[in-house]
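Results of the structural survey
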Amino acid sequence: MPNKSRKILLLPGDGIGPEVVREVKKILEWFNKNKSLDFKFEEELIGGASIDKNKIPITDEVFYKSLESDAVILGACGGPKWDNLEFSKKPERALLKLRKELKLFANLRPAICFKQLVDSSTLKPEVVSGLDIMIVRELTGGIYFGEPRGIQPIKNNERKGINTHTYTTSEIHRIARVAFDLAKKRNNKVTSCEKSNVMEAGVLWREEVQALKDKEFKKIELNHMLADNCAMQLLRNPKQFDVILADNLFGDMLSDEAAMLTGSLGLLPSASLGEKDKDGKIRSLYEPVHGSAPDITGKNIANPIATILSLSMALRYSLDLIKEADLIDSAVQKVLDDGLRTKDIISPGKKEISTTDMGDAIISKLK
Ligand code: IPM
Ligand code: MG
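A short tour of the structure in this document, coming up. Nothing here was measured: the structure is a model prediction, and the numbers come from that model.

**What about helix α11 (residues 322-337)?**
When the terminal C-alpha atoms of α11 are compared, their 22 Å separation across 16 residues agrees well with the 22 Å that a helix rising 1.5 Å per residue should span. Of all the residues in α11, the buried ones are Glu324, Ala325, Ile328, Ala331, Val332, Val335 and Leu336. Buried positions in α11, seen along its axis, are confined to an arc of 135 degrees and lie on one side of it. Contacts made by the buried residues of α11 are with α1 (17-34), α10 (305-317), β13 (340-341) and α12 (355-366). Glycine 339 lies just past α11 and shows a positive phi near 85 degrees.

Now the structure itself:
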């Protein structure tokens, strides 16, 4: 339904967040005006920006708005200004609260090396050209949320830091199913990562992923790989991978590494998805994989492509606007074909443009 009204909540957040989300807003406005779509978008504070105004990283009002939206698009949370705050009051807590309370257990992080950008990667072109990996990261469990946690005083004036890593069968099956389902639409191959050589939770992860495959996904090729080996293989021969399945922490690290294979962290979108509710609705949050990048904030040089591709993922996965998502993806390709680059992906012979110019260039290719 092209002209039904869709509620989108924009949470620009901190650092370069507002600069890159501004470009997404321009694209939404363009669709409303030129394709008679009815995006109703609102903008709210999150992270440090919310702390500065409301003393907390996310207010209840913003939290409830995110529950009621058809999709949430977030820029970034955090920065040096708030580094010294007590742990529970840090900007990042807002993001973790949204993930946990919206039950966004499945984080999809595609790492695609665009042909125009093979030279931007620090790896040899033949290693990365044609790369197309999907990282499926579990997002609401593991060491990020496990209890007990904290910092405790112990004897001899020492302190002890504690975090707990746990996964249950159903948590593992739920995320593995997402990976297998995605693999079916791709090359039918899943590599599941853990540290079953040192962690019991890793043994369980491996066994349960295998059990689900044997029961429901017989046609998928499943490989198990120790997470440290996977990190190494991503640099050695990344094209061996199709879908990589990992827990919250390993997925965090492997996805940053995979991002750099594509040339720049500034190119990677992500989708965080929950389970279908009784009305068939899936809660979702879309955000670039890069963070707030304080070193380049306010300079109008950040790459908005990761956030713009996050919008395209939102249209595709949450808003049933596949044609429009394709339009955005191909507009990004055309701009890269024209040799336009932000600073992070500049190479000899190409033209360096600003964040706002990149947004405008992409919009000009939507036409
Ligand atoms: C990410 C980020 C977050 C994470 C931070 C900002 C809490 O690194 O989305 O990858 O660790 O999950
Ligand atoms: Mg990360």
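**Brief notes about the site of ligand 1**
Around ligand 1, a shell composed of Glu92, Arg99, Arg109, Arg137, Tyr144 and Asp252 is seen. Residue arginine 109 places a side-chain N or O atom 2.8 Å away from an oxygen atom belonging to ligand 1. Residue tyrosine 144 places a side-chain N or O atom 2.5 Å away from an oxygen atom belonging to ligand 1. Within the complex, the protein chains bury 75% of what would otherwise be the 320 Å² of accessible surface of ligand 1. Viewed by domain, the shell around ligand 1 spans two of them, domain 1 (1-110 + 264-367) and domain 2 (132-261), each represented by three or more residues.

**Concerning the environment of asparagine 163**
Topologically, asparagine 163 is positioned in strand β7 (residues 158-164). Each C-alpha atom, one on asparagine 163 and one on glycine 146, is 6.6 Å from the other, the two residues being 17 residues apart in sequence. The residues contacting asparagine 163, other than those within four sequence positions of it, are Ile143, Pro148 and Arg149.

**A short note on the side chain of serine 272**
Within the element layout of this structure, serine 272 appears in strand β11 (residues 269-276). Engagement of the side chain of serine 272 in a polar contact is seen with the side chain of asparagine 107, the distance being 3.1 Å.

**Details of the environment of arginine 99**
Turning to its location among the elements, arginine 99 is positioned in helix α4 (residues 92-101). Given the relative accessible area of 5%, arginine 99 is considered buried. Separated by 184 residues in sequence, arginine 99 and arginine 283 have C-alpha atoms that sit 9.9 Å apart. Each residue touching arginine 99, except ones within four places of it in the same chain, is listed here: Leu104, Arg109, Arg137, Leu139, Thr140 and Glu287.

**What about the packing of aromatic side chains?**
Counted under the stated rule, the structure contains six aromatic pairs. When the ring of tryptophan 30 is compared with that of phenylalanine 31, the centres are 5.4 Å apart and the planes differ by 80 degrees; the resulting orientation is edge-to-face. Taken individually, tryptophan 30 and phenylalanine 31 each receive the classification buried, so the pair is uniform in this respect. Ring centres of tyrosine 167 and tryptophan 205 lie 5.2 Å apart, and the angle between their planes is 70 degrees; this geometry places the pair in the edge-to-face category. Of this pair, tyrosine 167 sits in the loop between β7 and α6 (169-184) while tryptophan 205 sits in helix α7 (residues 200-216); the two residues are 38 residues apart in sequence, bridging distant segments of the chain. The buried category is assigned to tyrosine 167, whose relative accessible area is 7%. Of the aromatic side chains, those joined through ring pairs into one cluster are Trp30, Phe31 and Phe39. One cation-aromatic arrangement involves lysine 97 over phenylalanine 63; the distance from NZ or CZ to the ring centre is 4.8 Å.

**Regarding the sheet that holds strand β1 (residues 5-13)**
Read from one edge to the other, the open sheet built from ten strands follows the order β2-β1-β3-β12-β11-β4-β5-β10-β8-β9, with strand pairing classed as mixed. A single partner strand is all that each edge strand has here, and the edge strands are β2 (38-43) and β9 (221-226). Between one strand and the next, the sheet's axes are offset by a mean angle of 20 degrees, whatever the strand orientation. Taken together, the four bridges between strand β5 (residues 132-138) and strand β10 (residues 243-246) define a ladder with parallel strand orientation. Paired with arginine 137 across the two strands is alanine 246, which belongs to β10. Strands β1, β2, β3 (71-76) and β12 (282-288) of the sheet are contacted by helix α3 (residues 60-68), whose axis makes an angle of about 140 degrees with β1. Contacts from helix α9 (residues 248-261) reach β4 (106-112), β5, β8 (189-194) and β10 within the one sheet, and its direction differs from that of β5 by about 155 degrees.

**Observations concerning the pairing of β5**
With six of its seven residues buried, β5 lies for the most part within the structure. In this sheet, β5 lies alongside β4 in antiparallel orientation, the contact comprising seven bridges. In the sheet register, leucine 108 faces β5, and the bridge partner there is valine 136.

How each quantity is defined
- Residues numbered from 1 in each chain as written.
- Chains lettered and ligands numbered in written order.
- Predicted model: local features only at pLDDT ≥ 70, side-chain atom pairs only at ≥ 80, totals over all residues.
- Heavy atoms only, no water.
- Helix = DSSP H or I, 4+ residues; strand = E, 2+ residues; numbered from the N terminus.
- Expected span 1.5 Å × (residues − 1).
- Buried < 20%, exposed > 50% of the residue type's maximum accessible area, 1.4 Å probe, protein only.
- Arc of directions from axis to C-beta.
- Contact = heavy atoms within 4.5 Å.
- Near = heavy atom within 4 Å.
- Polar contact = N/O pair within 3.5 Å; in protein donor to acceptor, adjacent residues only side chain to side chain.
- Areas by Shrake-Rupley, 256 points an atom, 1.4 Å probe, with all protein chains shown as cover.
- Domains from an automatic or database assignment.
- Phe/Tyr/Trp six-rings, centres within 6.5 Å; stacked < 30°, edge-to-face > 60°.
- Lys NZ or Arg CZ within 6 Å of the ring centre and 35° of its normal.
- Pairing = 2+ DSSP bridges.
- Axes fitted to C-alpha atoms, helices over the stretch in contact; angles between N-to-C directions.

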